[in-house]
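# Summary of the model geometry
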Amino acid sequence: MKKLLHVYSFELGNYFKSKSYMISTILICVLAIIAISMPAIISAVKGGDSGEGDGSDKADSVFGESIALYDPEGIVTDDMVLSFGKTEIQRKDSEEQVKESVGAEDVAIGFVIRSTSEFDYYVFNRSMFDKAEEIFRTLMSTASTMKFCTENNLDYEEIERLNADHIVCNELVLGKDSEDNYWYSYALVILVFMVIVMYGMMIATSVANEKSNRTVEILVTSTSSSSLLFGKVFAGATAILFQLGLIFTSILGAYQINKESLGGMLDVVFDIPADVLVTFAVFGLGGFLIYAFMYGALGGLVSKIEDLNKSAGTAQMLVMIIYFLVLFQMQEPDGILMKVLSYLPVSSYSAMFIRIAMGKVETWEIIVSAVILYASVVAMGFVAAKMFRNSTLRYGNPIQLSKAIKGLRTKGSNS
């Protein structure tokens, strides 16, 4: 135990002495705070520059700075367009003029209105988040209703009031709201995937480095190979908890300070229930440990750093497969495949978390899954330590995983 603590403190000290580790942690925290505070900063700058406002303070138009409009029947008025924000309206005399203006990028977008139920939308380069067509469709619906009311001597305001007030829905979610929970679940699954890959490779690289420069030959004379591997893995886990804790604290603190300026728009991501966070921490830590031992063992199979990617490819491939399987099944958290994945130790770290956050799961299922996961962590730790010990003083070509496993069986039968 004393040797393990020595290795643990030494490896953890290396993390905190590493400039890349500390700089990246501080940089991520600072960038996250700036990103979340940006709306408030922009609002403050604009507020200082626009002291002589006209009182209208309309938002920027969804249609851009200017639009071209061909409306031979006069269905859409300027006021209708301006109700969605300030924009320059260029009335054209033909469809060709609209097309030319958009093609020359003289205007942001263009519309050709053919009737109250049909229009053409012209855009030069359409962005992924373009909402102009959808908004103009709503505008056309309003124009169509107004024209119908005028032609039939109906009160448009009364009809609008009837459409708006006729049906009232009060949504009361007694259990879990999968739609709201989806986004923070998605973000946390990506987070744990990145942590496993990044820190797993760091542990594998550390092991391979010590073997390539023969430092391991000195280390194994003063401590056991098991203490060496366990110390590296536990130090990596501590470094992760420290880094993520600092980043999360910075992000959540910045969000609470700027929540009003953001209008609560990120509540769906940051308002995570405490029980979900606890289960994520428990299963996420277990998932990291089982893969960290795996990466450590695979790192010990090579004698040269350049061979590491080939050796660690097995773990990389397994992590990727689990990652995509879980993402593709997120919309069916109670499906058969997700239930199976939630009990397998190599996938339960994300699958069970998704079921807890978005699906229906009994308490006994969570306990059984957690027990299987941490029992597998212990088993993987001892298997990885044996593989590491068997390959410590073997140099030359990378040791094949199948031969390393066969060596374990041979050692086990001989003992």
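Residues numbered from 1 in each chain as written. Predicted model: local features only at pLDDT ≥ 70, side-chain atom pairs only at ≥ 80, totals over all residues. Heavy atoms only, no water.

Moving on, we come to a nonpolar patch on the surface. Taken together, Ile23, Ile26, Leu27, Val30, Leu31, Ile34, Met38, Ile41, Ile42 and Val45 make up a surface patch of nonpolar side chains, about 850 Å² in accessible area. With respect to the helices and strands, Met38 occurs in helix H2 (residues 19-49). (Patch = residues over 30% accessible without salt bridge, like charges linked within 9 Å, V, L, I, M, F, W, Y side chains within 5 Å. Areas by Shrake-Rupley, 256 points an atom, 1.4 Å probe, with all protein chains shown as cover. Salt bridge = Lys/Arg side-chain N within 4 Å of Asp/Glu carboxyl O. Helix = DSSP H or I, 4+ residues; strand = E, 2+ residues; numbered from the N terminus.)

Note: strand S3 (residues 109-115) against strand S4 (residues 118-123), six bridges, orientation antiparallel. Paired with Val112 across the strands is Asp120, a residue of S4. Turn length for the S3-S4 hairpin, with the two strands adjacent in sequence and antiparallel, is two residues. (Pairing = 2+ DSSP bridges.)

Remark: helix H11 (residues 274-299) packs on helix H12 (residues 308-328), axes separated minimally by 8 Å, with the N-to-C direction vectors making an angle of 160°. Taken together, H11 and H12 sit at an angle that is classed as roughly antiparallel. Where H11 crosses over H12, the handedness of that crossing is right-handed. Where H11 approaches H12, its residues Tyr291, Met294, Tyr295, Leu298 and Gly299 are matched on the opposing element by Leu308, Ser311, Ala312, Thr314, Ala315, Gln316, Leu318, Val319 and Ile322. (Axes fitted to C-alpha atoms, helices over the stretch in contact; angles between N-to-C directions. Parallel < 35°, antiparallel > 145°, perpendicular 65-115°, else oblique. Left-handed = near helix turned anticlockwise from the far one by under 90°. Contact = heavy atoms within 4.5 Å.)

Residues of the chain with pLDDT of at least 70 account for 79%, and the chain-wide mean is 79. Mean pLDDT values for the elements of the chain range from 57 in helix H16 (residues 401-414) up to 92 in helix H13 (residues 336-341). Segment residues 49-59 is flagged for pLDDT under 50; beyond a separation of four residues in sequence, or across chains, it makes six contacts in the model. (pLDDT = per-residue confidence, 0-100.)

Turning to unusual backbone geometry, a few remarks are in order. With phi around 60°, Glu105 is a residue other than glycine that occupies positive phi space. Of note, Glu105 is situated in the loop between helix H4 (95-103) and S3.

A word on the pattern of salt bridges. Per the stated rule, a full pass over the model turns up eight salt bridges. One salt bridge connects Glu133 with Arg137, and the closest N-O pair in it is separated by 3.1 Å. Of the two residues, Glu133 and Arg137 are both situated in helix H5 (residues 132-151); the distance of four residues between them amounts to about one turn of the helix. Between Glu365 and Arg355 there is a salt bridge, with its nearest N and O atoms 3.0 Å apart. Taken as a pair, Glu365 in helix H15 (residues 363-391) and Arg355 in helix H14 (residues 348-358) lie far apart in primary sequence, ten residues in all. The network of salt bridges with shared partners includes Asp71, Asp78 and Arg91.

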